[in-house]
Amino acid sequence: MKTQILVKLALQSIRKNKMRAALTMLGIIIGVAAVIVMVAVGFGARSRIRAQISNLGTNMIVITPGAAQQGGVSQGAQAFANLSLADVEMIRKNAQVVSAVSPVIVTRGQVIGDGGNWRTLINGVDTDYQVIRDWQTASGEFFTAEDVASVRKVALLGQTVAMQLFPGIDPIGQQIQIRNVPFTVSGVLAAKGQTASGTDSDDVVIIPYTTAQSALSGRTFIPQILASTASENDIAAAQEEIRVLMRESRRIAEGDPEDFTVKNQNELAEAASSSTRVMTMLLAAIASISLLVGGIGIMNIMLVSVTERTREIGIRLAIGARGSDVLTQFLVESIVMGILGGCIGLALGYTGSKVLGHFTGWDTVMSPLVILVAIGFSGAVGIFFGYYPARKAAALNPIEALRYE
Amino acid sequence: MNEIVIRTDALKKTYATGSSEVHALRGVDLTIARGEFVAIMGTSGSGKSTLMNLLGCLDTPTDGGYELDGVRVEGLGKNELAAIRNQKIGFVFQGFNLLPRTTAVDNVELPLLYDRSGRKRDTRAIAIAALERVGLGDRLEHQPSELSGGQQQRVAIARALVTEPALMLADEPTGNLDTRTTTEVMAIFQELNEQGMTIVLVTHESEVAVYAKRIVEVRDGRIVRDEPVRNRRSAAADIERLVTQERSAA
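Remember, it's a predicted structure, so these values are computed and weren't measured experimentally.

1. Description of the overall build of chain A
For chain A, the count of helices and strands is 13 helices and 12 strands. Counting the 405 residues in chain A, one finds 42% classified as buried. At a minimum sequence separation of 6, the contacts of chain A that also span at least 24 residues come to 82%.

So, in structure tokens, the structure goes:
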């Protein structure tokens with residue numbers, strides 16, 4: 001028998017038992033819909049994290065104080081404030097691959113402007129910071145190396161801060177007070193949006209690190225050193241270079257653990273997306289169980305169907321159908337049921353993920369590969385769970401099947 | 001074309017039920033030539049159903065030979081038997097045995113769809129022609145549930161003759177029908193037989209058997225009577241008589 005006739009027959013038989021077929025397909029429908037929603041949301045989350053990480057800067061390397069150990073007791077990252085300006089100078093002087101480096105001195109404080117006041121994050125950085133983070137100014141200028149050297153009291157405002165301090169006013173050239181120290185606004189930074197962890201990147205004031213040290217806290221603790229390379233291909237080499245230089249300057253013996261960590265942007269992205277990966281895998285497990293249950297549902301109904309249609313099978317065998325014809329007929333029926341369920345589930349999952357995305361604001365991503373895999377998988381479920389009933393049908397004795405009441 | 005359609009040679013069939021053996025057929029020699037119309041008679045348990053299953057290639061004999069339209073059947077495999085059923089035999093079953101919720105023309109087309117020889121191309125047209133031949137050209141798209149008993153049996157006959165088989169095998173084809181419809185169905189068989197179709201009819205009713213040309217009676221697994229029908233009736237004439245009776249009654 002030709003394939004198209006078999007498919008036609010299968011569709012006919014499904015149409016004759018619409019309700020039953022619908023209930024049978026429900027398991028597959030739910031399974032596939034769950035897979036689609038989960039993949040759409042998972043992919044969406046991952047691509048969003050990727051975008052946010054790359055938003056951090058280009059080819060960025062982050063050096064943080066690491067787990068310092070004293071006699072085998074780990075002190076934790078904050079216990080030992082071991083990054084200093086000397087490290088920055090050392091890297092700047094000796095590193096070959098690293099093209100930009102900047103300390104980041106972090107404090108929080110109240111900032112007062114003409115139009116209001118706002119408690120925000122104050123980052124003391126070097127001019128390279130703009131290159132490392134690829135952060136343009138929306139208006140005005142970034143401070144210069146001379147500003148840094150002369151410890152000038154100039155500040156750049158993030159979009160959020162500019163909005164709070166100078167609503168409706170151009171902040172360039174205006175005076176602000178940071179912890180009661182007067183600063184001149186030299187520029188407003190372009191908007192960066194939220195970070196991967198959900199904090200507002202634009203809720204920040206940036207000042208020269210020299211000013212931050214002398215005028216604000218007087219602290220020399222540097223929680224972070226940022227560096228970058230000119231090319232993406234150099235990142236790994238630069239990381240290694242920094243590691244070696246830091247070890248040398250700290251006289252860390254071979255085999256001893258480092259009291260700092262050097263990470264690149266992609267490693268940060270990995271860490272951020274690992275949690276979503278766990279969630280995706282969990283959902284995938286649930287979805288595959290649902291598909292399994294759906295498949296068992298198909299097998300169950302096909303077994304009932306074979307018993308119900310024993311006479312029909314007898315007629316077919318009597319008028320010349322081979323066992324393989326009957327097997328194919330029932331197999332096609334269960335495959336069609338599987339794929340039909342898969343398609344309905346696909347449509348449902350697509351709509352579901354769109355609705356979910358609309359109400360939660362999550363990004364959802366639909367890939368053609370996922371669609372193919374979902375339909376292919378539901379077809380495979382149809383084959384796997386339809387084979388046993390179909391074989392049972394094909395093995396019937398025509399005489400007994402014809403006599404079956 | 002082979003002039004001998006059926007030739008059996010000491011055909012035996014034994015069923016093993018538990019420890020004992022049931023000898024359903026104890027050696028049947030039967031020869032049926034082309035164009036014959038044979039009624040196989042017998043009570044239940046006589047072995048006539050077993051004989052019909054063997055003649056219909058639905059079952060294989062325990063012993064003996066069977067040659068159908070020049071093909072030795074014993075020892076053939078399942079798929080070869082299926083092909084022979086498809087191409088050489090047209091079945092008409094008791095209780096119609098049409099596919100439910102399937103139109104008349106789809107039912108009739110079915111055997112052609114299982115034909116692997118590739119000799120039939122325009123299966124739809126052939127199916128329609130077969131239905132027209134049994135006078136159901138205006139009922140093509142009707143489902144069995146929308147047809148009367150006689151009409152359903154005519155669809156079944158159309159399905160049997162659509163492959164132009166060498167042998168039409170009817171198993172109690174009038175079992176569930178009233179007198180009038182029985183006569184109508186027999187009229188079709190007689191007409192097909194006039195056109196040259198070889199028909200073997202299995203029945204336990206002697207009123208039906210008299211429409212055939214030859215009666216073979218089976219008892220205890222053996223043929224006990226094989227003779228031509230002496231006072232053969234014409235179903236067409238009987239229908240006319242029935243119609244006249246009904247008119248005068250009204």
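So that's the structure; there's more coming.
2. Some points on the overall build of chain B
Across its full length, chain B carries eight helices and 10 strands. Relative to the 2.2 N^0.38 estimate, which gives 18 Å for 250 residues, the radius of gyration of chain B is 18 Å and therefore close to what a compact globule would have. Long-range contacts, defined as pairs at least 24 residues apart, comprise 69% of the intrachain contacts of chain B with a sequence gap of at least 6.

3. Brief notes about the packing of helix 11 (residues 323–360) of chain A against helix 12 (residues 368–394) of chain A
All names here are of chain A. Contact geometry of helix 11 with helix 12 gives a least axis separation of 7 Å together with a crossing angle of 150°. Accordingly, the angle class assigned to the pair helix 11 and helix 12 is roughly antiparallel. Of the two possible hands of crossing, helix 11 and helix 12 adopt the one that is right-handed. In terms of residue class, the contact of helix 11 with helix 12 is made up of 20 nonpolar, 10 polar and one charged.

4. Some words on the domain arrangement of chain A
Here the domain parsing of chain A yields domain 1 (3–52 + 270–403) and domain 2 (83–258). Centre-to-centre separation of domain 1 of chain A and domain 2 of chain A, based on C-alpha positions: 55 Å.

5. Some thoughts on the sheet that holds strand 7 (residues 167–171) of chain B
Residue and element names in this part refer to chain B. Overall, mixed pairing links the six strands, which are arranged 6-7-8-3-9-10 in an open sheet. Unpaired on one side and paired on the other, strand 6 (89–92) and strand 10 (222–228) mark the two borders of the sheet. Going across the sheet, the axis of each strand differs from the next one's by a mean of 20°, ignoring polarity. As defined by bridge partners, strand 6 adjoins strand 7 across four bridges and the pair is classed as parallel. Residue pairing in the sheet places I89 in a bridge with L167 of strand 7.

6. Quick word on the packing of helix 1 (residues 3–16) of chain A against helix 11 of chain A
For any two helices packed against each other, one specifies the crossing angle of their axes together with the interaxial distance. Residues and elements named next belong to chain A. Two numbers describe how helix 1 lies on helix 11: the axes approach to 9 Å, and their chain directions differ by 65°. When you trace helix 1 past helix 11, the crossing you get is right-handed. Where helix 1 approaches helix 11, its residues L6, V7, L9, A10, L11, S13 and I14 are matched on the opposing element by T328, Q329, V332, E333, V336 and M337. In terms of residue class, the contact of helix 1 with helix 11 is made up of nine nonpolar, three polar and one charged.

7. What to know about the sheet that holds strand 1 (residues 4–17) of chain B
Whenever strands of a sheet pair, they do so through backbone hydrogen bonds, lying parallel or antiparallel. All names here are of chain B. Across the sheet, which stays open at both edges, the four strands sit in the order 2-1-4-5 with antiparallel pairing between neighbours. Both outer strands of the open sheet, strand 2 (20–33) and strand 5 (71–72), are each paired with one neighbouring strand and no more. By the bridge criterion, five bridges tie strand 1 to strand 4 (residues 63–68) in an arrangement that is antiparallel. Paired with T8 across the bridge in strand 4 is Y66.

8. As for the interface of chain B and chain A
Taken residue by residue, the interface counts 18 residues in chain B and 16 residues in chain A. Going through the elements one at a time, helix 2 (78–88) and helix 3 (104–113) of chain B are the ones with two or more residues in the side of chain B that touches chain A. Per element, the largest residue contribution to the side of chain B that touches chain A is six residues, and it comes from helix 2 of chain B. Per-class residue counts for the side of chain B that touches chain A are 10 nonpolar, four polar and four charged.

9. A word on the environment of F385 of chain A
All names here are of chain A. Relative to the elements of secondary structure, F385 occurs in helix 12. You can call F385 buried: it has 23 C-beta atoms within 10 Å. F385 sits 159 residues away from L226 along the chain, and the two C-alpha atoms are 57 Å apart. Not counting chain neighbours up to four residues away, the residues in contact with F385 comprise G295, I296, I298, M299 and S334.

10. Some points on helix 3 (residues 85–94) of chain A
Note that an α-helix has 3.6 residues per turn; residues three or four places apart therefore point the same way. All names here are of chain A. If you check which residues of helix 3 are buried, you get D87, V88 and I91. The arc that holds the buried residues of helix 3, viewed along the axis, is 100°, so those residues lie on one side. The exposed residues of helix 3 that point more than 90 degrees off its buried face are A86, E89 and K93. Along its buried surface, helix 3 packs onto strand 4 (98–112), strand 11 (224–229) and helix 8 (235–250).

Parameters at a glance
In this numbering scheme, every chain counts its residues from 1 along its sequence in written order. Note on labels: chains are lettered from A, ligands numbered from 1, in written order. Given that the model is predicted, a residue must reach a pLDDT of at least 70 before its local features are reported, and side-chain atom pairs must reach 80 or more before they are shown or counted; all residues, however, enter totals for whole chains, interfaces and linings. To qualify as a helix, a DSSP run of H or I must reach at least 4 residues; to qualify as a strand, a run of E must reach at least 2; elements of each kind are numbered from the N terminus. Any residue surrounded by 20 or more other C-beta atoms within 10 Å of its C-beta is treated as buried, while 12 or fewer makes it exposed and the intermediate range makes it partly exposed; C-beta atoms here are placed from the backbone. Note that contacts rest on C-beta atoms placed from the backbone: two residues are in contact if these are within 7 Å. Each radius of gyration is computed over the set of C-alpha atoms, and the globule rule expresses the reference value as 2.2 Å times the number of residues to the power 0.38. Convention adopted: a line fitted to C-alpha atoms gives each axis, helices being fitted over their contacting stretch, and angles between N-to-C directions are expressed from 0 to 180 degrees. In what follows, roughly perpendicular refers to angles from 65 to 115 degrees, roughly parallel to angles under 35, roughly antiparallel to angles over 145, and oblique to any angle outside these ranges. Each crossing gets its handedness from the near helix: less than a right angle anticlockwise from the far helix is left-handed, clockwise is right-handed. Under the scheme applied, nonpolar residues are Ala, Val, Leu, Ile, Met, Phe, Trp, Tyr, Cys and Pro; charged residues are Asp, Glu, Lys and Arg; polar residues are all the others, including Gly. Throughout the structure description, domain borders are defined by an automatic or database domain assignment. Strands qualify as paired when DSSP identifies two bridges or more between them. It is the directions from the helix axis to the C-beta atoms that the arc portrays.

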